[in-house]
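Coordinates in review
Below are the chains, spelled out letter by letter.
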Amino acid sequence: MTIEQTINKLRQELNMHNHKYYVENAPDISDFEYDKMLRELQDLEALHPEFQSPNSPTMRVGSDLTNSFRSVKHSFPMLSLSNTYSLEELKEWILKVEQEISNPEYVCELKFDGTAISLSYTNGELQRAVTRGDGEVGDDVTENVRTIRSVPLTLQGEDYPEYFEIRGEIFMPYASFDKLNIEREQQGEQLFANPRNAAAGTLKQQQSQVVAKRGLDCTLYQLAGKNLGFSSHSESLNAARRWGFKVSKHTAVCNDFSQIEEFIKYWDEARHSLDFPTDGIVIKVNRYTDRIALGTTSKAPKWAVAYKFKAEQALTKLLKVSYQVGRTGAITPVANLEPVLLAGTTVKRATLHNADQIAALDLREGDMVYVEKGGEIIPKITGVDISERNPSSEPLQYISHCPECGAELTRYEGEAKHYCPNQSHCRPQIIGRIIHFIRRKAMNIESLGEETIELLFENNLINNVADLYNLKAEQLASLPRLGEKSARNIIQSIASSRDVPFHRVLFALGIRFVGETTAKYLAAHFTSLEAIMTASREELLEAEEVGEKIADSIMDYFADEQNRIIIQRLQSAGLQLHAIKREAASNILEGKSIVISGTFEQYSRDELKALIEIHGGKNLAAVSANTSFLLAGAKIGPSKLQKAQKLGVKIISEQEFLAMITNSKEVNISEEHTDTTKPQQPIQGSLF
Ligand code: IVH
């Protein structure tokens, strides 16, 4: 078999397993086997960039290139649906249809609560994915959609039209939504209110590699194209299913109102056990000839209607408002309720967001309140039943002092939340910061869990993150629940955290609004903590993704002397406070001009540029006769590739490049870090 044939075969097999896993929910190989095949394909593609394809299964991981979201005009407008909120209205719609059509057939489907998408396929290959936009013109989000595993990149079978569009909904399953919001909460980032906003927000992410990690899903419900050869909607959905699309199985063909009503009543209940959000039922006339007879208005077809579910509501008693203090000091008021059954779960607590919301509701303890669980996972309070109010009740007074440490709360300009400013002496803030520091995505001090952190804090062994590096095994071994072995493990994993790369140390510090991604950008831009600490506000704003809110928060953080002392101690403890281990550099690339193109597996393009520079090479934008070599990744720009081939410029893969610099041990090892016990690893791990 030629290399190209091997690549094609691997792609085909991976596509098939992907479909089994993400569309059919019936995987037939283990994740391990799948990953092995994928890696094999990745290696082949890296070695043979000439066979790269945007629809290769390896492209599902996305890239760190910035999306541009070009505007694209839809070939067929994307209409919306008219809504009904009652069965009476629905009955009227049915009557209207039946005045025009004899014996109509209806298809009932779930109404997925996400964001609409139009996918186009040419010769069975995903060509473009465009958002609904205003219905006429949408945004090109192809790079992001390619990372959604249930969207087929290459179709199955042979009977698909040469060109067609298919429309559906991109949505975020509850599990992905919960995971995302937990991560955002831990990073001090604003939470998404519901899975719909999370799906829409994710689809417009600048980097497709971020989208790839968010667990979006896509279901398709409408074919669009010329002369597709189907006579009904259900026929077209069956074909789409055959071609590899995820088409909901929760559909029914109905012939009259009572059957439709039955479907609605069933799903109004049963939807609570689905693992993705729905907000209604869509009822569509099935036969295309009937659809043509009914026609459309300028906004919506007359042959379809959406029946919207009522948001689930319950009335219960507000027992008490309590206040939570987060690691950043943000105060969140929480309504403690008399337990009530709502959308299949017992609700005891609801978020109240902030003081403004409490004031807007004129909330009082003892009130009977309406709790709602719409698309949102966390229930919220939407109103008060004033008729049940105790006339002698007093409006709720928002707290003025921290419930944990007693410090006076502050409110920053433009922020809805109150904050406890007592960062260094407020227990949940201290513990929260340390817990954030040890997280897997931060310093990854795995052997220390939340409970141990609390134990160490209670025993006065730690009060801030720098204290971790002064801990001794004997101190730990004498604590309850910890033996000598776990004490040793803890000390060992704290010691190993000294190798954690700079951008993760930066994230671990827990600076408000500096999440994982921002930390990466800051580390790449400034390359050292010192540079960030001494940067002016304007200089901070120059870094990618850093806006005024983040810049101010960074300035505040470093203005605090306590924080500066901690950083000094972390530096003495030997943490990585530089993006690049300069000592690992060489001059192996001296005199070489190198062009980078495409996306890479192990390093981002910025990192590769830094690698070139610290090994003495020059990074240039365009290929010329003087180019020493083209460092080619996946999705390499075709013009660069052609030019290099024409000029006979050598093309090397990421692995070849890394091998080249890995073999350059002899030079430039600075004194202070010469460590003869370890093989000199060039850069691995010291960049993000
Ligand atoms: S059909 C011309 N089917 O609801 C009709 N839409 O409120 C095209 N939606 O923009 C839409 N589930 O984003 C259809 N099973 C379903 C749907 C569905 C969700 C969304 C879609 C549409 C919106 C209208």
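All of the points below concern the structure found in this document. Keep in mind that this is a model prediction, so the values were computed, not measured. Starting from 1, residues in each chain are numbered consecutively following that chain's sequence as written. The predicted origin of the model limits local features to residues at a pLDDT of at least 70 and limits the giving and counting of side-chain atom pairs to 80 or more, whereas totals for whole chains, interfaces and linings rest on all residues. Note that the side-chain values use all heavy atoms of the structure and ignore hydrogens as well as water.

Points about the pattern of salt bridges
This is how it is decided: For this analysis, a salt bridge means a side-chain nitrogen from Lys or Arg found within 4 Å of a carboxyl oxygen belonging to Asp or Glu. Helix and strand assignments follow DSSP, with helices taken as H or I runs no shorter than four residues and strands as E runs no shorter than two, numbered in order from the N terminus. Think of it in three bands: with a 1.4 Å probe and only protein chains considered, a residue is buried below 20% of the maximum accessible area for its type, exposed above 50%, and partly exposed in between.
Applying the stated criterion across every chain, the model contains 30 salt bridges. Arginine 389 is the salt-bridge partner of aspartate 367, the closest N and O atoms lying 2.7 Å from each other. Separated by 22 residues along the polypeptide, aspartate 367 in the loop between α11 (355–361) and β15 (368–373) and arginine 389 in the loop between β16 (380–384) and β17 (410–411) bring together distant segments of the chain. Overall, aspartate 367 belongs to the buried group, its relative accessible area being 1%. Here arginine 389 falls in the buried class, since its relative accessible area comes to 15%. Close ionic contact of aspartate 552 with arginine 537 constitutes a salt bridge, the shortest N to O distance being 2.5 Å. Residue aspartate 552 is located in helix α20 (residues 548–559), and its partner arginine 537 is located in helix α19 (residues 537–542); the two are separated by 15 residues in the primary sequence. Judged by relative accessible area, which is 26%, arginine 537 ranks as partly exposed. A single network of salt bridges, built from pairs that share partners, joins Lys179, Glu183, Lys441 and Glu516.

Looking at the site of the ligand
Applicable threshold: Whether a residue is near a molecule or strand depends on its heavy atoms: if one lies within 4 Å, it is near. Any N or O atom pair separated by 3.5 Å or less is treated as a polar contact, with the protein-specific requirement of one donor-capable and one acceptor-capable atom, and with residues adjacent in sequence counted only for side-chain atom pairs. Areas reported here follow the Shrake-Rupley algorithm with a probe of radius 1.4 Å; residue values treat only the protein chains shown as occluding. Under the scheme applied here, ten amino acids are nonpolar (Ala, Val, Leu, Ile, Met, Phe, Trp, Tyr, Cys and Pro), four are charged (Asp, Glu, Lys and Arg), and all others, including Gly, are polar.
The ligand sits among 13 residues. The nearest are Glu109, Leu110, Glu169, Tyr221 and Lys284. Within the contact set of the ligand, an oxygen atom lies 3.2 Å away from a side-chain nitrogen or oxygen of lysine 111. Here a nitrogen atom of the ligand sits 2.9 Å away from a polar atom, N or O, in the side chain of lysine 284. Contact with the protein chains hides 90% of the accessible area of the ligand, taken as 530 Å² for the molecule alone. Looking at the shell around the ligand, the elements with two or more residues in it are β3 (106–112), β8 (217–224) and β10 (278–285). Ranked by residues supplied to the shell around the ligand, first place goes to β3 with 4 residues. Looking at the shell around the ligand residue by residue, the class counts come to 8 nonpolar, 1 polar and 4 charged.

Some points on the packing of aromatic side chains
The cut-off we apply is this: Whether two aromatic rings pair depends on their centres lying within 6.5 Å, for rings of Phe, Tyr and Trp, where Trp uses its six-membered ring; planes under 30 degrees apart make the pair stacked, over 60 edge-to-face, and the rest tilted. In this scheme, the term charge over a ring applies when either NZ of a lysine or CZ of an arginine sits within 6 Å of the ring centre and within 35 degrees of the ring normal.
For the structure shown, the criterion picks out 17 aromatic pairs. Each ring, one from phenylalanine 164 and one from tryptophan 243, has its centre 5.2 Å from the other, and the planes form 50 degrees; the classification is tilted. In this pair, phenylalanine 164 sits in strand β7 (residues 163–171) while tryptophan 243 sits in the loop between α8 (233–242) and β9 (252–254), placing the two residues 79 residues apart along the sequence. An aromatic cluster of three or more residues is present, and its members are Tyr121, Phe164, Phe230, Trp243 and Phe245. Its guanidinium or amino end placed over the ring of tryptophan 303, arginine 291 lies 3.9 Å from that ring's centre, counting from NZ or CZ. Above the plane of the ring of phenylalanine 513 lies lysine 549, whose end atom (NZ or CZ) is 4.3 Å from the centre.

Some words on the side chain of threonine 278
The test is simple: By definition in these notes, contact holds between two residues if any of their heavy atoms fall within 4.5 Å.
In this fold, threonine 278 is placed in strand β10. Non-local contacts of threonine 278, meaning those with residues more than four positions away in its chain, are made with Leu110, Lys111, Asp113, Arg271 and Phe309.

So, the nonpolar core
Convention followed: Buried Ala, Val, Leu, Ile, Met, Phe, Trp, Tyr and Cys residues form a nonpolar core when they are joined through side-chain atoms within 4.5 Å.
With 58 residues, the main nonpolar core has Phe437, Leu468 and Tyr469 as its most contacted residues. For this core, the secondary structure elements donating two or more residues are α12 (427–438), α13 (450–458), α15 (484–496), α16 (502–508), α17 (516–526), α18 (529–534), α20 and α21 (561–572). The leading source of residues in this core is α12, at 6 residues. If sequence neighbours within four positions are ignored, phenylalanine 437 has contacts with Ala442, Met443, Asn444, Ile445, Val465, Leu468, Tyr469, Ala508, Leu570 and Leu575. Membership of the second largest hydrophobic core comes to 35 residues, among which are Val145, Leu153, Leu216 and Cys218.

With respect to helix α24 (residues 654–662)
Quick note on the threshold: Note that the arc is computed from the directions linking the helix axis to the C-beta atoms.
Along α24, the residues that are buried comprise Glu654, Phe657, Leu658 and Ile661. Down the axis of α24, the buried side of the element spans an arc of 95 degrees, and every buried residue falls inside it. Buried residues belonging to α24 abut α22 (605–614), β21 (629–632) and β22 (650–652).

Considering unusual backbone geometry
You will see that asparagine 227, though not glycine, has its phi angle at about 45 degrees, which is positive. Its place among the elements puts asparagine 227 in the loop between β8 and α8. Owing to a relative accessible area of 79%, asparagine 227 belongs among the exposed residues under this scheme. Of note, lysine 635 is a non-glycine position whose phi angle comes to about 55 degrees, a positive value. As for its position among the elements, lysine 635 is in the loop between β21 and α23 (638–647).

Looking at the packing of α20 against α21
Here is the rule we go by: To obtain an axis, a line is fitted to C-alpha atoms, over the contacting stretch when the element is a helix, and the angle between two such axes runs from 0 to 180 degrees between their N-to-C directions. For classification purposes, an angle smaller than 35 degrees is called roughly parallel, one larger than 145 roughly antiparallel, one from 65 to 115 roughly perpendicular, and anything else oblique.
The contact between α20 and α21 brings their axes to 5 Å, and the two run at 75 degrees. One element, α20, and the other, α21, form an angle in the roughly perpendicular class. Across the interface between the two elements, Tyr557, Phe558 and Ala559 of α20 pack against Glu561, Asn563, Arg564 and Ile567 of α21. Tallied by class, residues from the contact of α20 with α21 come to 4 nonpolar, 1 polar and 2 charged.

Comments concerning α22
Three or four residues apart is the spacing at which side chains of an α-helix point the same way, because the helix has 3.6 residues per turn. Along α22, the residues classified as buried are Glu607, Leu608, Ala610, Leu611, Ile612 and Ile614. At its buried positions, α22 is contacted by β19 (593–597), β20 (618–620), β21 and α24.

Focus: the sheet that holds strand β4 (residues 115–122)
Selection criterion: Note on pairing: DSSP must find at least two bridges between two strands before they are called paired.
Ordered in space as β5-β4-β7-β8, the 4 strands form an open sheet in which the pairing is antiparallel. Here the strands that pair on one side only, and so sit at the sheet edges, are β5 (125–131) and β8. Neighbour to neighbour, the strand axes of the sheet diverge by 30 degrees on average, direction disregarded. Bridge count between β4 and β5: 6 bridges; the pairing is antiparallel. Bridging from a neighbouring strand, leucine 119 pairs with alanine 129 of β5. Strands β4, β5 and β7 of the sheet are contacted by helix α6 (residues 195–203), whose axis makes an angle of about 45 degrees with β4. Along the sheet, α8 makes contact with β7 and β8, crossing β8 at roughly 130 degrees.

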